[in-house]
Amino acid sequence: MINTNLKGVLYGMKRTLSQVAETSTLRTPLGGRVKVVQQGAGVPVVFLHSGVGSAGEWKQVFSLWPDGFRLLAVDAYRDGTGPGVNGRRTLDDYADQVYAVAEHVGGPVHLVGFSWGGATALRVAAARPELVGSLAVVEPEAYALLRTQDAGAYAELCGLRDRWRAHVRSGRWYEAFEEFVDFYNGPGFFSQWPADRRDAFLAVQQTRGDLWDVLFDEERLNVDVLAGIGAPVHVVEGSATSVVDHAICDVVRRHVPHARHTLVEGAGHMMPLTHPEPLTRAILGRFIAAS
C-alpha cells in the first residue's frame, strides 16, 4: 500500500519535509566511489540525473515526495572518483554506480532516470534485471536507438555532436555548450544565464570531457536489448520537448515489453526543474504506485 500522504501529492499539494537529506560515499563494484544523497525510509527509489547535471536536479521532486520511501539520488561526479576513466567511459561505468546503491540498500530498487540517467537506467534494467523492480525513464537520451529507427533524428543528433566537438577542438567551450543547452531549452536560453553561472557550468563540464560516445553505444543499448527488459517501464516525456526526444521516447515505448506512458503538458526536456509537480504525480501515480 502507498502511504496516505501520497493523496496530497497526487493532487498537487506540497508537503513539509519530515526528513533531512544525508550524503554518503559508496564503493562501486568496479572500484570507484560515488556520492549518494538520500532521505526517508521505506521502499528504495533511486534517481539518476542528466549528463551535464547533478543530484540537485531532483531536489524539488524530493520535496514533493510522500513518506514511506527511501529516496537515493546518485551524484555521478561529485565527491567521488567519477564513473570509469575520462575518455573511455561506457554506460556500464554509470551502471556500476547504480549497482553500488542496490548493494547499499540490500535488494532490488525502483529506478527513475532522467535524460542521460534514463539511458543508464535502461542499461541497468537490461544487464542486471534482478536489481530492478520497476523503471521510470524521463526522456532518456539513448541516442543509439535512433540509428535504425529514425534516420532524421539520428542525423540531427550526430550533427549536434560533431559541431560540439569542432568547437571544443578549437577551445570554444562557450559555443559548444551554448548550442547544446539551447537545443534542449530553446534559442537564447544559455545566453540569458548570469555570467558567473555560465562560467561555473563550463568549468564543471570541461572536467567531464567528451561524453558523446557513451550514448551512441549500440552494443550496450539497442532495440534488441530493450526487448529483453522484464521490469515494467514507464516512459515520461514533455509535450513541448524536441522532436529528437519524442523520437527516442517513441522507440522505447514500442520496443520494451511492458511500457506505460505519460505526457507532461507544457514541459520541455528539463522537467525535473521546470515541472516538478506534474512529474512527481506522474511517477507516483502511474509507476511506483502500480508496482
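Given the structure is predicted, the values throughout are model-derived calculations rather than measurements.

### Side note on the overall build of the chain
For the chain, the helix and strand inventory stands at 12 helices and 8 strands. Relative to the globule expectation of 19 Å for 291 residues, the C-alpha radius of gyration of the chain, 18 Å, shows essentially globular dimensions. Dimensions of the chain, computed from C-alpha atoms along their principal axes, come out at roughly 55 × 40 × 40 Å. For the chain, the proportion of its 291 residues judged to be buried stands at 55%. Across the chain, the fraction of contacts at a sequence separation of at least 24, relative to all contacts at a separation of at least 6, is 73%.

### Overview of the packing of helix 5 (residues 151–169) against helix 6 (residues 173–185)
Here helix 5 crosses helix 6 at 160°, and the two axes come no closer than 7 Å. Looking at the two axes, helix 5 sits roughly antiparallel to helix 6. The handedness of the crossing between helix 5 and helix 6 is left-handed. Side by side, helix 5 and helix 6 meet where E156, L157, L160, R163, W164, H167 and V168 of the first sit next to W173, E175, A176, F177, E179, F180 and F183 of the second. Each residue belonging to the contact of helix 5 with helix 6 can be placed in one class, and the counts come to 9 nonpolar, 1 polar and 4 charged.

### Points about the environment of A126
By the secondary structure assignment, A126 is in helix 4 (residues 116–127). Using a relative accessible area of 26% as the deciding quantity, one classes A126 as partly exposed. Sequence separation between A126 and R220 is 94 residues; the distance between their C-alpha atoms is 9.0 Å.

### Some details on the pattern of salt bridges
Following the criterion strictly, the structure yields 11 salt bridges and no others. A salt bridge links D92 to R220; the shortest N-O distance between them is 2.9 Å. Separated by 128 residues along the polypeptide, D92 in helix 3 (residues 91–105) and R220 in the loop between helix 8 (212–215) and helix 9 (223–227) bring together distant segments of the chain. Note on R220: relative accessible area 19%, which makes it buried. A salt bridge links E179 to R163; the shortest N-O distance between them is 2.7 Å.

### Section: the packing of aromatic side chains
Scanning all chains against the criterion turns up 25 aromatic pairs. Ring centres 5.3 Å apart and planes at 55° place the aromatic pair Y143 and F216 in the tilted group. Here Y143 is found in the loop between strand 6 (132–138) and helix 5, whereas its partner F216 is found in the loop between helix 8 and helix 9, with 73 residues between them in sequence. In terms of burial, Y143 and F216 fall into one category: buried. The residue whose ring lies beneath R161 is F216, and the NZ or CZ to ring-centre distance is 4.6 Å. Above the plane of the ring of W193 lies R197, whose end atom (NZ or CZ) is 3.8 Å from the centre.

Definitions and limits used
- Residues numbered from 1 in each chain as written.
- Predicted model: local features only at pLDDT ≥ 70, side-chain atom pairs only at ≥ 80, totals over all residues.
- Heavy atoms only, no water.
- Helix = DSSP H or I, 4+ residues; strand = E, 2+ residues; numbered from the N terminus.
- Rg over C-alpha atoms; globule rule 2.2 N^0.38 Å.
- Buried < 20%, exposed > 50% of the residue type's maximum accessible area, 1.4 Å probe, protein only.
- Contact = heavy atoms within 4.5 Å.
- Axes fitted to C-alpha atoms, helices over the stretch in contact; angles between N-to-C directions.
- Parallel < 35°, antiparallel > 145°, perpendicular 65-115°, else oblique.
- Left-handed = near helix turned anticlockwise from the far one by under 90°.
- Nonpolar A, V, L, I, M, F, W, Y, C, P; charged D, E, K, R; others polar.
- Salt bridge = Lys/Arg side-chain N within 4 Å of Asp/Glu carboxyl O.
- Phe/Tyr/Trp six-rings, centres within 6.5 Å; stacked < 30°, edge-to-face > 60°.
- Lys NZ or Arg CZ within 6 Å of the ring centre and 35° of its normal.

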